[in-house]
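In case you want the letters, here they are:
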Amino acid sequence: MINLSILGSTGSIGTQTLELVDYYKDNINVVAITGNNNIDLLEKQIIKYKPKICAVMNKEKYEILKNRISSKTKLRYGLEGLKEAASYPEADIVLTAVSGMIGLEPTIEAIKSKKKIALANKETLVTGGSIIKKLIDEYNVDLLPVDSEHSAIFQCLQGNRPKDIKKIILTASGGPFFGKDYDFLKNVTVDEALKHPNWSMGKKITVDSSTLMNKGLEMIEACWLFDISYKDIDIVVHPESIVHSAVEFKDSSVIAQMGLPDMKLPIQYALFYPDRKENNLESLNLFKIKQLNFHKPDMNTFKCLNLAYKAISIGGTMPTVLNAANEIAVAKFLNKEIKFLNIADYIEKLMEQHSPFEVNSLEDILYVKKWTEKKFTELI
Ligand code: NDP
Ligand code: MG
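Residues numbered from 1 in each chain as written. Chains lettered and ligands numbered in written order. Predicted model: local features only at pLDDT ≥ 70, side-chain atom pairs only at ≥ 80, totals over all residues. Heavy atoms only, no water.

**Q** Break down the overall build of the protein for me, with residues and values.
**A** Along its length, the protein carries 17 helices and 11 strands. Against the compact-globule benchmark of 21 Å for 380 residues, the protein has a radius of gyration of 20 Å, which places it among compact chains. For the protein, the spread of C-alpha atoms along the three principal axes comes to 55 × 50 × 40 Å. The burial tally for the protein puts 54% of its 380 residues in the buried class. (Helix = DSSP H or I, 4+ residues; strand = E, 2+ residues; numbered from the N terminus. Rg over C-alpha atoms; globule rule 2.2 N^0.38 Å. Buried < 20%, exposed > 50% of the residue type's maximum accessible area, 1.4 Å probe, protein only.)

**Q** Run through the site of ligand 1, naming residues and quoting values.
**A** Within the structure, ligand 1 sits among 25 residues, and Thr10, Ser12, Asn36, Glu123 and Gly202 are positioned closest to it. Between ligand 1 and Ile13 there is a distance of 2.9 Å, counted from an oxygen atom to a backbone nitrogen or oxygen. Glu123 places a polar side-chain atom, nitrogen or oxygen, 2.7 Å from an oxygen atom of ligand 1. Of the residues contributing to the shell around ligand 1, the split by class is 10 nonpolar, 12 polar and three charged. (Near = heavy atom within 4 Å. Polar contact = N/O pair within 3.5 Å; in protein donor to acceptor, adjacent residues only side chain to side chain. Nonpolar A, V, L, I, M, F, W, Y, C, P; charged D, E, K, R; others polar.)

**Q** Describe the pairing of strand 11 (residues 254-258), with residues and values.
**A** Both faces of the sheet carry side chains from a regular strand, because those side chains alternate between them. Looking at chain direction, strand 10 (residues 243-249) and strand 11 are connected through five bridges and run antiparallel. Paired with Glu248 across the bridge in strand 11 is Val254. In textbook terms, the turn of a hairpin is the stretch between consecutive antiparallel strands, and for strand 10 and strand 11 this stretch comprises four residues, one of which, Ser252, has a positive phi near 75°. (Pairing = 2+ DSSP bridges.)

**Q** Quick rundown of the nonpolar core? Include the residues and the values.
**A** Formed by 122 residues in total, the largest nonpolar core has its most connected members in Leu95, Met219 and Leu322. In terms of residues, this core owes the most to one element, helix 15 (residues 318-334), which gives nine residues. If near-sequence neighbours (up to four positions away) are discounted, Met219 is found in contact with Leu170, Tyr230, Ile233, Ile235, Ala308, Tyr309 and Ile312. (Core = buried A, V, L, I, M, F, W, Y, C linked by side-chain atoms within 4.5 Å. Contact = heavy atoms within 4.5 Å.)

**Q** Go over the packing of helix 6 (residues 122-139) against helix 15 with me, naming the residues and quoting the values.
**A** Two elements in contact, helix 6 and helix 15, have axes separated by 7 Å at closest approach and are oriented at 140°. One way to sum up the angle between helix 6 and helix 15 is to call them oblique. Our pair here, helix 6 against helix 15, has a crossing hand that is left-handed. Residue-level contacts link Glu123, Val126 and Thr127 of helix 6 to Pro319, Thr320, Asn323 and Glu327 of helix 15. Across the contact of helix 6 with helix 15, the residue classes break down as two nonpolar, three polar and two charged. (Axes fitted to C-alpha atoms, helices over the stretch in contact; angles between N-to-C directions. Parallel < 35°, antiparallel > 145°, perpendicular 65-115°, else oblique. Left-handed = near helix turned anticlockwise from the far one by under 90°.)

So this is what it looks like as structure tokens:
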């Protein structure tokens, strides 16, 4: 029986994880859940899954929920609450599926409590990769990728040695604006950016997919997860999202992982690793698919991807600036305060203003996050 803590249980990854809990009810027990604003759903989840603890980030929402529930579930709030859910003694695995770099500190807490980590929250590795890697070694815990591409790479590496990797082929759907030019992108709307062709996800990552920042963040995530240089990662646009990524080995053999796009597969692979469990997911029918296509990403039009390469090549605190600026810019785009193309413009300006330094502690990252927020306000 897995005792599971889900950080971000009200989100897209969180709710799909709970669907898996329903399916494998004899194998998974939910001990902790967390949310931010969606207390209606948290209330339902508390009633259904009876977790030992539930943390609500938003304090006002926490107060409302507190007055509504009468169960034995401990209710906590704020970042401290999230950390408590992440380090809850009875949890074996912590699935980190909050959106944004707010996931970093609870993940650190989970590692220090020797939990197995199923990592969906890519912003954690983009900003805190160096610290997380050190802690993973120090506390000797498993870090299992949930992001579909990284799960694919991890699956391709089974039975192989990381030292035999020649390169990683990281696939990208291309998002809703694949093939569009700069002029087209000038006036795209929030609704258009939120129409992802293949995946149904939270709003922030969906916008990131439309700017290709998501692939940039994933490229950085892959560097940390697989100890590989960004120079050895090829990004390939594959609009069908069937090949979830591939690894080329020294002998030029390429192993890819395929399947219909459904996040439940990488989630369950991380939870049950190394077991492969039967499920009710649809099988891949290659006769129905017929064709798989592959294209070079357009890094001039989709500047965010270029900026991500720039950030990782500079290293140190620069990826944190990239990520923090992106989080603010995407929130402002979703709020209709800035235009689609401004997202990259603001990130670029902040990266130009930043003097990067080596990341030695969590404090360094939090300092740079604050710096980015302050500078962003000054820019706007
Ligand atoms: P969603 O927006 O659907 O869900 C985010 C979750 O985090 C919700 O539970 C939300 O709470 C909570 N949350 C949001 N902001 C905060 C905050 N400031 N403090 C605490 N909790 C917060 O996102 P997704 O599920 O799509 O994505 C989650 C993570 O997984 C992201 O890092 C994303 O990049 C990654 N990922 C997602 C994939 C997907 O298919 N969705 C695929 C691969 C990776 P509430 O709803 O209560 O406000
Ligand atoms: Mg992904």
